[in-house]
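Structure assessment
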Amino acid sequence: MERVAEVIGALEDPATGLPLDQLEADIEVGFDAGTVYTGVTLGYPCASQQGAWAQRIRTACEPLLAEGPLAGSDIRSDLFFEVGRTEVGEVPESLRAVKNIIAVASGKGGVGKSTTAVNLALALAAEGASVGLLDADIYGPSLPTMLGTHGLRPEVKDGKFFVPIPAQGLQTMSLGYLLTEDTPAVWRGPMASGALNQMLTQTLWGVGAEDGELDYLVVDMPPGTGDIQLTLSQKVALAGAVIVTTPQDLALVDAIKGVEMFRKVSVPVLGIVENMALHTCSNCGHREPVFGSGGGERMAAEYGTRLLGQLPLAMSIREQADSGKPTVAVAPEGEVSALYKEIARKAAAQVWLAGEDEGMPEIEMG
Ligand SMILES: Nc1ncnc2c1ncn2[C@@H]1O[C@H](COP(=O)(O)OP(=O)(O)OP(=O)(O)O)[C@@H](O)[C@H]1O
């Protein structure tokens with residue numbers, strides 16, 4: 001049994017590229033009536049990976065099941081996950097129901113940040129997590145359009161708390177729920193920041209969640225790297241940030257500003273998502289990198305972070321998001337959803353790693 005645990009411990013976790021032992025993943029091994037039972041618990045949601053892990057463990061343990069004391073035994077493997085909490089010091093009471101806050105940011109507008117944020121939140125939920133989504137994009141709140149919640153208003157509790165609106169399995173809140181078509185434009189400036197602050201501190205995130213807690217709150221940040229973004233990053237005590245970019249040089253330069261902004265306030269950059277990276281020809285299916293290739297990867301390496309994934313420029317992504325049914329909700333088993341889920345697992349795994357690091361004692365040299 002010890003050998004089985006050792007073999008499993010040496011397996012590489014695809015979301016981090018690290019062996020399970022190094023991740024301090026929980027590994028359990030048992031034996032009953034000719035069957036070896038194994039259980040691995042990871043620190044990020046991974047429901048879609050059950051089959052892949054069972055196969056990986058079976059293959060790795062094959063030699064042990066072929067000869068020796070376990071010869072002829074069968075093997076059954078289960079995969080579990082447990083999402084920890086990022087300890088971030090003082091937080092407003094309403095945010096205490098949230099274990100981890102992940103910002104989705106971009107150096108500039110129009111790169112697909114909101115589309116990525118919504119699909120990332122849905123992908124985390126599809127992997128088994130309880131997830132909230134806060135649309136903090138005060139310049140153009142697009143969440144109500146993307147989730148088909150346009151025109152809904154949040155319920156107000158005790159005269160001062162907003163109750164999040166449930167949509168497609170997510171707990172959601174958006175400035176769009178508070179603005180109306182004829183809200184004066186001036187209100188969308190400084191007053192909108194005030195409203196954003198209120199949404200942050202006065203939304204009861206735990207109300208609709210199963211056990212009163214959310215594993216992740218995904219925050220769709222306003223585009224850019226100015227003061228609003230900086231203050232917001234500090235105020236909400238982020239567990240980490242995902243930076244969305246397109247592969248053009250100019251967008252990458254802005255994405256670098258995003259990475260630097262989060263570093264300045266000591267928020268871990270979980271990684272880069274390259275959006276609209278490949279174009280699939282609708283006639284022949286041929287894929288090509290219209291805006292050049294490798295930019296996101298190079299930039300991630302240069303700035304000590306990682307490329308979480310690349311998304312194609314696809315009409316379906318746009319049509320589905322713009323019609324209130326984002327890709328991961330409408331085609332959860334499709335190719336593009338698989339990409340979003342992989343990005344979600346990788347980002348959440350980085351949150352796990354960042355949390356583990358904090359718990360490590362500092363080693364003094366010299
Ligand atoms: N991978 C993609 N393929 C095709 N269209 C996409 C893709 N990602 C986003 N889009 C489309 O691009 C447009 C802009 O996307 P989105 O609103 O998500 O960008 P944003 O960066 O959040 O913009 P803003 O800064 O204005 O909030 C939308 O119409 C969206 O549907």
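Conventions we followed
- Sequence order as written defines the numbering, with residues in each chain counted from 1.
- pLDDT decides what is reported in this predicted model: residues at 70 or higher carry local features, side-chain atom pairs at 80 or more are listed and counted, and totals for whole chains, interfaces and linings draw on all residues regardless.
- Only heavy atoms go into the side-chain values, all of them from the structure, while hydrogens and water stay out.
- Note on aromatic contacts: the rings of Phe and Tyr and the six-membered ring of Trp form a pair at centre separations within 6.5 Å, being stacked when their planes are under 30 degrees apart, edge-to-face when over 60 apart, and tilted otherwise.
- Numbering goes from the N terminus for both helices and strands, where a helix is a DSSP run of H or I of at least four residues and a strand is a run of E of at least two.
- Each residue is assigned to one of three classes by its accessible area relative to the maximum for its type, calculated with a 1.4 Å probe on protein chains only: buried under 20%, partly exposed between the two thresholds, exposed over 50%.
- Only the stretch in contact is used when a helix axis is fitted, and all axes are lines through C-alpha atoms; the angle between N-to-C directions ranges over 0 to 180 degrees.
- In what follows, roughly perpendicular refers to angles from 65 to 115 degrees, roughly parallel to angles under 35, roughly antiparallel to angles over 145, and oblique to any angle outside these ranges.
- Should the near helix be turned anticlockwise from the far one by less than a right angle, the crossing is left-handed, and should it be turned clockwise, the crossing is right-handed.
- Should any heavy atoms of two residues lie within 4.5 Å, those residues are counted as being in contact.
- In this analysis, the expected span of each helix is defined as 1.5 Å times one less than the number of residues it contains.
- UniProt positions are given in the numbering used here, feature names are shortened, and annotations may be inferred rather than shown by experiment.
- The method works on a 1 Å grid over the protein atoms by themselves. A cavity is a set of points holding a 1.4 Å probe that cannot get out, a pocket is an open set with protein on both sides within 12 Å along at least five of seven lines, and residues with an atom within 4 Å of a point line them.
- Note that domain bounds follow an automatic or database assignment of domains.
- Accessible area that two parts lose when put together, evaluated with a 1.4 Å probe and summed over both, is termed the buried area.
- A side-chain nitrogen of Lys or Arg and a carboxyl oxygen of Asp or Glu constitute a salt bridge if their distance falls within 4 Å.
- Under the rule applied, a polar contact is a pair of N or O atoms within 3.5 Å (in protein, one hydrogen donor and one hydrogen acceptor; residues adjacent in sequence only if both atoms are side-chain atoms).
- Residues are grouped as follows: Ala, Val, Leu, Ile, Met, Phe, Trp, Tyr, Cys and Pro are nonpolar; Asp, Glu, Lys and Arg are charged; all remaining types, including Gly, are polar.

1. Quick look at the packing of aromatic side chains
Note on aromatic pairs: each is described by the distance of the centres and the angle between the planes. Tallying each qualifying case throughout the model produces one aromatic pair. Considering the side-chain rings of Y44 and W352, the 6.1 Å spacing of their centres and the 50° angle between planes classify their relative orientation as tilted. Pair noted here: Y44 is in the loop between β4 (35-42) and α3 (50-66) and W352 is in helix α12 (residues 335-359), with a separation of 308 residues, a long-range link. W352 shares its class with Y44; the two are buried.

2. Quick notes on the packing of helix α8 (residues 249-264) against helix α9 (residues 295-302)
Remark: α8 packs on α9, axes separated minimally by 11 Å, with the N-to-C direction vectors making an angle of 30°. Between α8 and α9, the angle is such that the two are roughly parallel. Here α8 runs over α9; the crossing is right-handed. Two secondary-structure elements touch here, α8 through L252, A255, I256 and V259 and α9 through G295, G296 and M299.

3. Some details on α3
Helix length check: α3 (17 residues) gives 24 Å between terminal C-alpha atoms against 24 Å at 1.5 Å per residue, within 8%. Contacts from the buried residues of α3 go to α1 (2-9), β1 (12-13), α2 (20-23), β4 and β5 (74-81).

4. Side note on the environment of G128
Following the sequence through the fold, G128 ends up in the loop between α4 (113-126) and β7 (131-135). With relative accessibility at 43%, the residue G128 sits in the partly exposed group. When neighbours within four sequence positions are excluded, G128 is seen to be in contact with P45, A47 and F81.

5. Digging into the UniProt feature "binding site: ATP" (unreviewed entry) in the protein
The UniProt record marks G107, K108, G109, G110, V111, G112, K113 and S114 with the feature "binding site: ATP" (unreviewed entry), using the residue numbering of this structure. Of the residues named above, K108, G109, G110, V111, G112, K113 and S114 line the largest pocket. Along the chain, G109 turns up in the loop between β6 (98-105) and α4. Take G109: its relative accessible area is 41%, and that puts it in the partly exposed class. Following the sequence through the fold, S114 ends up in helix α4. Every residue in contact with S114, bar those within four places of it in the chain, is listed here: D137, S142, M146 and D220.

6. Notes on the domain arrangement of the protein
As far as domains go, the protein holds domain 1 (2-81) and domain 2 (93-359). Placing a centre on the C-alpha atoms of domain 1 and another on those of domain 2 gives a separation of 33 Å. Summed over both sides, the interface of domain 1 with domain 2 buries roughly 1,200 Å², with 65% coming from carbon and sulfur. Applying the counting rule to domain 1 against domain 2 returns zero salt bridges. Applying the counting rule to domain 1 against domain 2 returns four residue pairs in polar contact (both at pLDDT 80 or more). Counted by class, the side of domain 1 that touches domain 2 contains 11 nonpolar, four polar and one charged residues.

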